[in-house]
Amino acid sequence: MTEHEHEHEQEHENEQESAHDGTDGAHDSTDRADGAGHVSTGTTTETGDAAAAIPELVIISGMSGAGRSTAAKCLEDLGWFVVDNLPPALIPTMVELGARSQGNVARIAVVVDVRGRRFFDNLRESLADLAARHVTRRIVFLESSDDALVRRFESVRRPHPLQGDGRIVDGIAAERDLLRELRGDADLVIDTSSLNVHELRAKMDAQFAGDEEPELRATVMSFGFKYGLPVDADLVADCRFLPNPHWVPELRPFTGLNEEVSAYVFNQPGAKEFLNQYTELLQLVAAGYRREGKRYVTIAVGCTGGKHRSVAMSEKLAARLAAEGIETVLVHRDMGRE
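Predicted, not measured: the structure shown is a model, and the values here were computed from it.

## Examining the overall build of the protein
Looking only at helices and strands, one finds 10 helices and 12 strands in the protein. Expressed as a percentage of its 338 residues, the buried residues of the protein come to 48%. In the protein, once contacts between residues fewer than 6 apart in sequence are set aside, the share between residues at least 24 apart is 80%. Carbon and sulfur atoms make up 48% of the accessible area of the protein, which amounts to about 16200 Å² in all.

## Comments concerning the pairing of strand β5 (residues 81-84)
Neither face of β5 is exposed, since Phe 81 and Val 83 on one face and Val 82 and Asp 84 on the opposite face are all buried. Where β5 lies against strand β6 (residues 107-111), 4 bridges are found, and the strand directions are parallel. Its bridge partner lying in β6, Phe 81 is registered against Ile 108. At this point the chain moves from β5, through helix α3 (residues 91-99), to the parallel β6, and the crossover so formed is right-handed.

## Thoughts on the nonpolar core
Among the nonpolar cores identified, the biggest contains 48 residues, and Leu 57, Leu 75, Ile 91, Met 204 and Phe 208 are the most heavily contacted of them. Ignoring anything within four residues of it in the chain, the contact list for Leu 57 reads Trp 80, Ile 91, Val 95, Ile 108, Val 110, Leu 130, Val 135, Thr 136, Arg 137 and Arg 138. Counting 27 residues, the second largest nonpolar core, distinct from the first, contains Val 248, Val 265, Val 301 and Leu 317.

## Describing the environment of Pro 269
With respect to the secondary-structure elements, Pro 269 resides in the loop between α8 (259-266) and α9 (271-291). In this structure the C-alpha to C-alpha distance between Pro 269 and Phe 241, which are 28 residues apart in sequence, comes to 9.8 Å.

## Quick notes on the sheet that holds strand β10 (residues 235-238)
With parallel pairing, the 4 strands of this open sheet are ordered in space as β10-β11-β9-β12. Each edge of the open sheet carries a strand with a single partner, namely β10 and β12 (327-332). Averaged over neighbouring strand pairs, the angle between their axes works out to 20° when direction is ignored. Pairing of strand β9 (residues 217-224) with β12, which is carried by 6 bridges, proceeds in the parallel orientation.

## Details of the environment of Val 111
With respect to the helices, strands and loops of the structure, Val 111 is situated in strand β6. Considered as a pair, Val 111 and Gly 62 are 49 residues apart in the sequence and their alpha carbons are 9.3 Å apart. The residues touching Val 111, leaving out its near neighbours within four places in the chain, are Ile 60, Arg 68, Ala 72, Val 83, Asp 84, Asn 85 and Leu 86.

## Some thoughts on unusual backbone geometry
Positive phi is not limited to glycine here, since Asn 85 has a value of about 55°. Secondary-structure assignment places Asn 85 in the loop between β5 and α3. With relative accessibility at 6%, the residue Asn 85 sits in the buried group. Here the phi dihedral of His 134 falls at roughly 60°; this positive angle occurs in a residue that is not glycine. As for its placement among the helices and strands, His 134 is situated in the loop between α4 (117-132) and β7 (137-143). Using a relative accessible area of 69% as the deciding quantity, one classes His 134 as exposed.

## Thoughts on the pattern of salt bridges
Per the counting criterion, the structure on display carries 14 salt bridges. In this structure, the salt-bridge partner of Arg 100 is Glu 96, at a minimum N-O distance of 2.5 Å. For Arg 333, the salt bridge is made with Asp 334, and the minimal N-O distance between the two is 2.9 Å. One connected set of salt bridges, linked through shared partners, spans Glu 143, Asp 146, Arg 176 and Arg 183.

## Quick word on the packing of aromatic side chains
Per the counting criterion, the structure on display carries 4 aromatic pairs. Three or more aromatic residues link up through ring pairs in this structure, and these residues are Phe 241, Phe 274 and Tyr 278. Positioned above the aromatic ring of Phe 225, the side-chain terminus of Arg 240 is 3.6 Å from the ring centre. The side chain of Arg 337 reaches across the aromatic face of Tyr 227, ending 4.0 Å from its centre.

## Some points on the environment of Ile 108
By secondary structure assignment, the location of Ile 108 is in strand β6. Distance in space between the C-alpha atoms of Ile 108 and Val 83 is 7.7 Å, their sequence separation being 25 residues. Those residues in contact with Ile 108 that lie beyond four places of it in its chain are Pro 55, Glu 56, Leu 57, Val 58, Trp 80, Phe 81, Met 94, Val 95 and Gly 98.

## So, helix α7 (residues 197-208)
For α7, which comprises 12 residues, the first-to-last C-alpha distance of 16 Å matches the rise-based estimate of 16 Å (1.5 Å per residue) to within 8%. Among all positions of α7, only Val 197, Leu 200, Arg 201, Met 204, Asp 205 and Phe 208 are buried. Buried residues of α7, seen end-on, are gathered within an arc of 140° and therefore sit on one face of the element. Two to three positions downstream of the cap, the backbone nitrogen of His 198 sits 3.0 Å from a side-chain oxygen, assigning the N-cap of α7 to Asn 196.

Rules used in this analysis
Residues numbered from 1 in each chain as written. Predicted model: local features only at pLDDT ≥ 70, side-chain atom pairs only at ≥ 80, totals over all residues. Heavy atoms only, no water. Helix = DSSP H or I, 4+ residues; strand = E, 2+ residues; numbered from the N terminus. Buried < 20%, exposed > 50% of the residue type's maximum accessible area, 1.4 Å probe, protein only. Contact = heavy atoms within 4.5 Å. Areas by Shrake-Rupley, 256 points an atom, 1.4 Å probe, with all protein chains shown as cover. Pairing = 2+ DSSP bridges. Right-handed = clockwise from strand over helix to strand, strands pointing away. Core = buried A, V, L, I, M, F, W, Y, C linked by side-chain atoms within 4.5 Å. Axes fitted to C-alpha atoms, helices over the stretch in contact; angles between N-to-C directions. Salt bridge = Lys/Arg side-chain N within 4 Å of Asp/Glu carboxyl O. Phe/Tyr/Trp six-rings, centres within 6.5 Å; stacked < 30°, edge-to-face > 60°. Lys NZ or Arg CZ within 6 Å of the ring centre and 35° of its normal. Expected span 1.5 Å × (residues − 1). Arc of directions from axis to C-beta. Polar contact = N/O pair within 3.5 Å; in protein donor to acceptor, adjacent residues only side chain to side chain.

Next comes the structure, spelled out in structure tokens:
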């Protein structure tokens, strides 16, 4: 299965679950690292001076399977407050709540899923209401060819939400007919027929990231090889080439957080050189991740038990990344297990 088809499977499952209650909820891109090991939580917004400033609004719609979820996640990573499958009648209310947030919700993205004429009429009324309030809004429409959509639905072995007792192509035709007018009103139409997930994110970045380079958030995780590799690791560094403080009786009870243990580790031949060169390598990798639209990276640093060497190295590495402007979270997975 391709990356785009995998994304489509997740999107389609979300659509099926939300068809009954109309909304999956709101997602707020909130994790921020103040430095290595320190994480603050709060809404990421463009802070305004006026308490009742009207938020900027983007409406994401389009064909089922064309990449709405990916587009929404991209805006979420750029700091937008994202609401998935909000009933169209509630869009003006959402904007009003944002205006009352004292600048805490300055950019709102709403994903709408048009499944019937009544639903579509509600959307038209909401758009007219927003226009009367002089709300700045943009409509992003995700388009794809019939062939590409059929392949994606067949790859996940699920029916199109509008096909009923007919074929997938019947559902696609019905949805395309319902969305024709909205597509004509769209400010941005993106054809994802030949795009993968990364290419779609790049197009969204080009439209909404401005001149800012996409953020990269790193998790630095120490671990012990004897407890297994972290399943979510993107990169793995092995510190077992350094002498183990475990075999030094006066250091054995302590962890890599202890200054004496850390000094012992970094006084070993190759330790400082490894830290310097691995940091340089991560800077190169980070630049590539940004270009590819990757927002999160987990760097696993291992030793035998995850207590001494990997902890000391992770502390220094996380501090280096934070100093380079990469938002960093530090986790010691296996420290204390012995």
